[in-house]
Amino acid sequence: MSAIKSVTVLGLGPMGRATVRLLLAAGVHVTVWNRTPGKAEALAELGAVPAATAAEAVAANDTILLSLIHYDAMYGVLDQADLTGKTVVNLSSDSPANTAKGAGWVLDRGARFLTGAYMTQSDDIAHPASQLYVSGPADLHAELKPLLDHLCKHTHLGEDYGLAQLYYQAGLAMFHAYLISLQQAFAMIERSGGDIDTFLELSKDDAGSQRDFSLYFAQAAKQGGWGDVASLKMMHAGAQHVIDASEDAGVDAALTRTIQDYYQRALDATEQTGAVVPVYRLFRGDH
């Protein structure tokens with residue numbers, strides 16, 4: 001399998017720039033385009049070749065990597081380009097449904113399509129924990145493997161174009177909640193006269209514990225969800241304690257109130273139906 005020696009990257013936000021830098025470091029010839037020219041000029045100093053238009057950038061190579069704000073941006077960027085015989089790899093973030101729509105749009109214009117999503121720490125694609133989720137034709141992924149190997153570890157999740165985004169957005173659902181709750185925790189500690197570094201030391205082994213919880217709750221989800229009435233009441237009361245500790249320190253507890261509301265809704269649904277309704281079933285839309 002011969003390695004691809006020349007590609008085009010459209011979209012030079014943080015992830016696009018990181019992609020270009022890794023490809024250039026691997027000796028790949030990279031043509032770049034961005035709606036704001038200044039970002040392309042900065043990469044030109046590293047060896048990238050700026051194109052005047054997106055159509056010109058597409059014409060320069062057979063393999064096109066997209067790193068845009070969302071899939072809707074792809075239509076405007078590629079609308080004037082000839083995609084016949086091209087391979088388009090869209091690394092932009094969006095929903096599985098929008099990904100499937102975008103795949104159809106690209107295929108209708110005579111190109112092959114693969115979708116991918118970076119699961120990384122910021123734009124540090126080269127970090128050992130970074131992954132690239134990929135979905136679409138398995139043979140196309142195999143063909144592009146030498147190119148993708150320059151970026152980070154990548155996993156082909158299946159032929160369905162939406163799968164990469166499904167798993168990526170599920171990961172982000174956890175990540176967004178984590179980032180907000182982490183900042184609430186820091187604010188609680190600081191406003192109450194505690195020490196953030198002490199908290200970091202106390203919580204340094206949390207990742208292993210979280211993995212155990214993930215495995216336990218995954219098995220529960222397969223059985224319809226976790227919790228009996230006593231557990232739901234305990235979690236509701238525990239959330240109230242966090243709310244009290246936050247508000248006593250003058251810290252916004254809206255996030256925890258939202259969490260508590262899920263337990264209240266589960267308790268209400270349980271009372272109404274006469275059978276335990278776990279929070280998981282609320283997320284599923286069963287109640």
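Since this is a predicted model, take the numbers as computed values, not measurements.

**Looking at the UniProt feature "domain: 6-phosphogluconate dehydrogenase NADP-binding" (unreviewed entry) in the protein**
Working step 1: Those places that UniProt annotates as "domain: 6-phosphogluconate dehydrogenase NADP-binding" (unreviewed entry) correspond, in this numbering, to residues 7-154.
Working step 2: With 40% helix and 23% strand, residues 7-154 has its two end C-alpha atoms placed 18 Å apart.

**Concerning the packing of aromatic side chains**
Working step 1: All told, the structure shown has 8 aromatic pairs when counted by the stated rule.
Working step 2: Each ring, one from Tyr-71 and one from Phe-113, has its centre 6.4 Å from the other, and the planes form 70°; the classification is edge-to-face. In this pair, Tyr-71 sits in helix 4 (residues 71-78) while Phe-113 sits in strand 6 (residues 112-119), placing the two residues 42 residues apart along the sequence.
Working step 3: For Phe-113, a relative accessible area of 0% gives the class buried.
Working step 4: Through pairs of rings, three or more aromatic residues link up here, namely Phe-213, Tyr-216, Phe-217 and Trp-226.

**Thoughts on the pairing of strand 4 (residues 63-66)**
Working step 1: Every second residue of strand 4 is oriented toward a common face, with Thr-63 and Leu-65 on one face and Ile-64 and Leu-66 on the other, all of them buried.
Working step 2: Pairing analysis gives 3 bridges linking strand 1 (residues 6-10) to strand 4, with the strands arranged parallel. Bridge pairing in strand 4 places Leu-10 opposite Leu-66.
Working step 3: Pairing analysis gives 4 bridges linking strand 4 to strand 5 (residues 87-90), with the strands arranged parallel. What sits directly across from Leu-65, in strand 5, is Val-89.

**Concerning the sheet that holds strand 3 (residues 49-50)**
Working step 1: Within the open sheet, the 8 strands sit side by side as 3-2-1-4-5-6-7-8. Their pairing is mixed. Of all strands in the sheet, those with a lone pairing partner are strand 3 and strand 8 (153-156), marking the two edges.
Working step 2: When strand 7 (residues 131-135) meets strand 8, the two strands line up parallel, connected through 4 bridges. When the sheet's bridge partners are listed, Gln-131 is paired in strand 8 with Lys-153.

**Side note on the UniProt feature "domain: NADPH-dependent reductive aminase-like C-terminal" (unreviewed entry) in the protein**
Working step 1: Those places that UniProt annotates as "domain: NADPH-dependent reductive aminase-like C-terminal" (unreviewed entry) correspond, in this numbering, to residues 160-284.
Working step 2: The straight-line gap between the two end C-alpha atoms of residues 160-284 is 22 Å; of that span, 78% is helix and 0% is strand.

**Some points on the nonpolar core**
Working step 1: If you look at the biggest cluster of nonpolar residues, it comprises 28 residues, and the most contacted ones within it are Val-9, Val-20, Leu-23, Val-30 and Val-32.
Working step 2: Those elements that provide at least two residues to this core are strand 1, helix 1 (14-25), strand 2 (29-33), helix 2 (37-44), strand 6, strand 7 and helix 6 (138-148).
Working step 3: Those residues in contact with Val-30, other than ones at most four positions away along the chain, are Val-7, Val-9, Val-20, Leu-23, Leu-24, Ala-48 and Val-49.
Working step 4: With 24 residues, the next largest nonpolar core counts Ile-64, Leu-78, Phe-113 and Tyr-161 among its residues.

**Things to note about the environment of Leu-10**
Working step 1: Within the secondary structure, Leu-10 is located in strand 1.
Working step 2: Given the relative accessible area of 0%, Leu-10 is considered buried.
Working step 3: For the pair Leu-10 and Val-20, spaced 10 residues apart in sequence, the C-alpha to C-alpha distance is 9.8 Å.
Working step 4: The contacts of Leu-10, once residues within four sequence positions are left out, are Trp-33, Ala-54, Ala-57, Val-58, Ile-64, Leu-65, Leu-66, Ser-67, Leu-68, Val-77 and Leu-78.

**Observations regarding the pattern of salt bridges**
Working step 1: Scanning all chains against the criterion turns up 7 salt bridges.
Working step 2: Across the salt bridge formed by Glu-247 and Arg-257, the nearest N and O atoms sit 3.1 Å from each other. Here Glu-247 is found in helix 10 (residues 229-248), whereas its partner Arg-257 is found in helix 11 (residues 254-273), with 10 residues between them in sequence.
Working step 3: Taking relative accessible area as the criterion, Glu-247 reaches 40% and is therefore assigned partly exposed.
Working step 4: A relative accessible area of 39% means that Arg-257 is categorised as partly exposed.
Working step 5: When the shortest N-O distance is used, the salt bridge between Arg-284 and Asp-286 registers 3.1 Å.
Working step 6: Exposure remark for Arg-284: the relative accessible area of 54% places this residue in the exposed category.
Working step 7: Here Asp-286 falls in the partly exposed class, since its relative accessible area comes to 37%.
Working step 8: Residues participating in the shared-partner salt-bridge network are Arg-281, Arg-284 and Asp-286.

Thresholds, definitions, all that
- Residues numbered from 1 in each chain as written.
- Predicted model: local features only at pLDDT ≥ 70, side-chain atom pairs only at ≥ 80, totals over all residues.
- Heavy atoms only, no water.
- UniProt positions renumbered as here; feature names shortened; annotations may be inferred.
- Helix = DSSP H or I, 4+ residues; strand = E, 2+ residues; numbered from the N terminus.
- Phe/Tyr/Trp six-rings, centres within 6.5 Å; stacked < 30°, edge-to-face > 60°.
- Buried < 20%, exposed > 50% of the residue type's maximum accessible area, 1.4 Å probe, protein only.
- Pairing = 2+ DSSP bridges.
- Core = buried A, V, L, I, M, F, W, Y, C linked by side-chain atoms within 4.5 Å.
- Contact = heavy atoms within 4.5 Å.
- Salt bridge = Lys/Arg side-chain N within 4 Å of Asp/Glu carboxyl O.

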